[in-house]
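# Structural description and commentary
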Amino acid sequence: MINLQPEKGKLLIAEPALAGDVSFSRSVVLLAEHGEDGSVGFILNKPLDYSISDLVTEIEVPFKVFNGGPVEQDNLYFIHKVPELIANSIEISDGIYWGGDFECIVGLINTNAISEEDIRFFLGYTGWSSLQLDKELTSKSWAILPNKYESNIIQKAPGAFWKENMLTLGGDYLLWSNTPENPSLN
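Residues numbered from 1 in each chain as written. Predicted model: local features only at pLDDT ≥ 70, side-chain atom pairs only at ≥ 80, totals over all residues. Heavy atoms only, no water.

### Topic: the pairing of strand S9 (residues 119-129)
The cut-off we apply is this: For every residue, the accessible area obtained with a 1.4 Å probe (protein chains only) is divided by the maximum for its type, and the residue is called buried under 20%, exposed over 50%, and partly exposed between those limits. Put simply, DSSP marks the helices as runs of H or I at least four residues long and the strands as runs of E at least two long, and each gets a number from the N terminus on. Two strands qualify as a pair provided DSSP detects at least 2 bridges between them.
Of all eleven residues in S9, nine are buried; the element is thus mostly enclosed. Pairing of strand S3 (residues 38-43) with S9, which is carried by four bridges, proceeds in the antiparallel orientation. Bridge pairing in S9 places Val 40 opposite Gly 127. Relative to S9, strand S5 (residues 64-67) runs parallel, the two being bridged by three bridges. Across the sheet, Phe 66 pairs through a bridge with Phe 122, a residue of S9. Both strand S6 (residues 71-80) and S9 contribute to a ladder of six bridges, which runs antiparallel. From the neighbouring strand, His 80 faces S9, where its bridge partner is Ile 119.

### Focus: the side chain of Ser 25
What counts here: Whether two residues are in contact is decided by their heavy atoms: any pair within 4.5 Å suffices.
For Ser 25, the position within the fold is in the loop between strand S1 (11-14) and strand S2 (28-35). By relative accessible area, which is 8% here, Ser 25 ends up buried. Contact partners of Ser 25, with chain neighbours within four places excluded, come to Leu 18, Ala 19 and Lys 46.

### A word on the pattern of salt bridges
Operational definition: By salt bridge we mean one thing: a side-chain nitrogen of Lys or Arg within 4 Å of a carboxyl oxygen of Asp or Glu.
Across all of its chains, the model carries two salt bridges by this definition. The shortest N-O distance in the salt bridge between Lys 10 and Glu 7 comes to 3.5 Å. For Glu 164, the salt bridge identified is with Lys 156, shortest N-O distance 3.0 Å.

In short, shape yes, function no, at least from these values alone.
So, in C-alpha cells, the structure goes:
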C-alpha cells in the first residue's frame, strides 16, 4: 500500500468505506490546496448533465461540467494547463493551474484558442476544515496517490478512473476495484 501525506497536487481516492456516500462514492479528488486552514479539491470523475454553454450563455462551445464537490455548488470553478493564456492562474502542481481571468476564458473558448483538453469546469468543490481531512484519512475514508498523470489529468475520461487508481494502490484494493457500484446488486 502507498502511504503518502496530503498536499496540493496529490489525488485522494475514495476508499470502499465511502460506497454509500452520494458525493464521494468512487471519487477521485485532485487536492488544489492543503494547509493548516483546511483543504480544497475537485472531484475529477463525476460529470454532470450540463455543459458550460448551458451555464454561461456567452460561451458557445459545449464543454463538459463536472461535480467538483458538495460545497458551493452554485459556483463555477476550473482547472487548466494554459497559464500563459489565462492571467491570474494559481499553480497547483505538475503544470495544473486553478482559476484565472474568466472573461479571458470566454474569449479563448469561443475562438477555439483552448480546447476541452486544456480546461475542466466544476460546479462546486470539495472542502475540509482544519484537520478534518487528516481525521478522514485516519478513519480510512481516503487513500492518497501521487498525480502520475500531471497536466494530462484534465483529459482523463471519468468512467474507469476510480478503478484505475484502485489497481495502482494494489493489495486488498484489487478486490474492491471489481465490485459493482452498488454491491447489493451483485
